[in-house]
Amino acid sequence: MEGGYQVFHGLDDDKMKEACGVFGIYLPDAEPGSNEAARTTFYGLYALQHRGQESAGIASSNGNDIELHKGMGLVSEVINSKVIDQLPGQMAIGHVRYPNGEDSHPLNTQPLVFRYLGGMVALAHNGNLVNAVELRKKLAREGSIFQTTADTEILANLMARHCQERLENAVTRVMSEIKGGYAVVMMTENQLVGFRDPRGIRPLCLGRINDGYILASESCALNTVGAEFIRDVNPGEIIIIGSEGLKSYQVREAGVGAHCIFEYIYFARPDSTIDGINVNRARRAMGRQLARESRVDADIVIAVPDSGTSAALGYAEESGILFEEGLMKNRYVGRTFIQPTQQMRDLAVRLKLNPVAEVVKGKRVIMVDDSIVRGTTSKMIVNVLKQAGAAEVHMMVASPPTSYACYYGIDTSRSGELIAARLDVEGIRQFIGADSLHYISVEGMFSVFDAGEEGFCAACFNGEYPILVEGEVMDTCSTE
Ligand code: SF4
């Protein structure tokens, strides 16, 4: 509650929250005093905004010093031309962070910048260390002090312990001590570094821009800034970019891949290609598979925009039922401040998603969404569609029931909030008030990928965790 009002994040409140987005750039041909690296990072972060809306930040290096600007808010709220002018240098890294009330503190914004014996280092991180609690206790016992609750600070402390070693050796040692899903961009005064967990849970890709390089969470950020996609960073790989060019070290033997399947379902942008699979194509294929698994007589197929759109198009293609735009999304609504009454919550939904009465009135409607987390938004959307005159609303979900918590960087861990952890499909149908409810099966979801279930983490659907989770693990992504 803020000032007697509830901060309602609208529809996004009922979605899995992506951990973060990271971006790093090295531009050897830029003038050391130019702001080109920071400016490009700004646009890259814009393209990654969907991965986190709580805070944003950029650190730049001119070869001697690292400058930093970060704050709470969207990229456009935190960074402007004046800020970019104060971030000179040939290198920069940036970060966007997801909203999480419990861990929401300006101190946890990233990048984090540290001075240590070896010089300065800036770090930005996407993911979650499953042994963070243990590592933090160990470091604290050895005298480390912490200003934040971010895993990133654990990485920085571990780096500091190996600061006398060559950079690749120091990062290798850090990677041997940490466990979990992570994609990190890091910058010393004169080198840009990227590394990815040995199972490749969190995404990280490499691109080329002029004579320079970019590391980014998703390829859509490369396209946006005019860079060329080179490849994904391999699981367990360290990339170091500096005056001697790009060097790659496969420091941890890449285990069987465990790429987060939820990236393809919801987190990533449809125009991104992650680990060789285009997100839009995967979502469309899941929509087609869902249609094969759940035949329902209906007049129209509509999407819950935007994340349900690709799957809805696939559903319509396969079923032969007409795709219509039955819900209009207002893209200009940010956080909505509402009084905590049902009437006002309904208003908040309508502010973001309004039914097109002319399209749905009297129709048997198939509504496709990517996932159901808590079910509260689905319930409200079904309700507004019925109020708009829909004769029937059949909800189709292009992912299996989300029944298990994620420990690798996604905020689902309050499993009590996962409706599928408490109710069966019929119970969820009754809760949301739909005429029928169908989820894609786990096998059906895997069937749309050439590799089948090999190479993916789908633990939030099947409970098969690719990295053992022991003891205390905090609930959320970038917290200890
Ligand atoms: Fe992704 Fe789910 Fe695995 Fe977490 S548990 S990494 S959200 S697939």
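Computed from a predicted model, the values in this text were never measured in an experiment. (Residues numbered from 1 in each chain as written. Predicted model: local features only at pLDDT ≥ 70, side-chain atom pairs only at ≥ 80, totals over all residues. Heavy atoms only, no water.)

(A) Broad picture of the packing of aromatic side chains. Taken as a whole and assessed by the stated rule, the structure comprises 11 aromatic pairs. Between Phe262 and Phe461, the ring centres sit 5.4 Å apart and the planes meet at 20°, which makes this aromatic pair stacked. You can see Phe262 sitting in helix H8 (residues 262–267) and its partner Phe461 sitting in helix H17 (residues 459–462), a full 199 residues away along the chain. Look at Phe262 and you get buried, because its relative accessible area is 1%. Residue class for Phe461 comes out buried when judged on its relative accessible area of 6%. Arranged with centres 5.9 Å apart and planes meeting at 65°, the rings of Tyr266 and Phe267 form a pair that is edge-to-face. (Phe/Tyr/Trp six-rings, centres within 6.5 Å; stacked < 30°, edge-to-face > 60°. Helix = DSSP H or I, 4+ residues; strand = E, 2+ residues; numbered from the N terminus. Buried < 20%, exposed > 50% of the residue type's maximum accessible area, 1.4 Å probe, protein only.)

(B) Main features of the site of the ligand. In the vicinity of the ligand, 13 residues are found, and the nearest of them are Cys260, Cys406, Ile410, Cys457 and Cys460. Residue composition of the shell around the ligand, by class: 12 nonpolar, no polar and one charged. Mapped onto the domain boundaries, the shell around the ligand takes at least three residues apiece from domain 1 (16–255) and domain 2 (278–455). (Near = heavy atom within 4 Å. Nonpolar A, V, L, I, M, F, W, Y, C, P; charged D, E, K, R; others polar. Domains from an automatic or database assignment.)

(C) Structural detail: the packing of helix H9 (residues 279–293) against helix H10 (residues 309–319). Close contact between H9 and H10 brings their axes to 6 Å; oriented N to C, the two are set at 45°. The pairing of H9 with H10 is recorded here as oblique in orientation. Classified by chirality, the crossing of H10 by H9 is right-handed. Contacts between H9 and H10 involve Asn280, Arg283, Arg284, Gly287, Arg288, Leu290, Ala291 and Arg292 from the former and Ser310, Ala311, Leu313, Gly314, Tyr315, Glu317, Glu318 and Ser319 from the latter. Looking at the contact of H9 with H10 residue by residue, the class counts come to five nonpolar, five polar and six charged. (Axes fitted to C-alpha atoms, helices over the stretch in contact; angles between N-to-C directions. Parallel < 35°, antiparallel > 145°, perpendicular 65-115°, else oblique. Left-handed = near helix turned anticlockwise from the far one by under 90°. Contact = heavy atoms within 4.5 Å.)

(D) Molecular detail of the sheet that holds strand E9 (residues 192–196). Taking strand neighbours across the sheet as the criterion, the six strands line up as E6-E7-E8-E9-E13-E14 in an open arrangement whose pairing is antiparallel. Only two strands of the sheet have a single neighbouring strand rather than two, namely strand E6 (112–116) and strand E14 (245–250). Averaged over all neighbouring strand pairs, the angle between strand axes comes to 20°, with direction disregarded. Two strands pair when backbone bridges link them, and strand E13 (residues 237–242) and E14 are joined in this way by six bridges, in the antiparallel orientation. Of the residues in E14, the one forming a bridge with Ile238 is Tyr249. Running over the sheet, helix H5 (residues 151–161) touches E6, strand E7 (119–129) and strand E8 (180–187) and is turned about 135° from E7. The strands touched by helix H6 (residues 167–177) within the sheet are E8, E9, E13 and E14, with E13 carrying the most contacts at an inclination of about 155°. (Pairing = 2+ DSSP bridges.)

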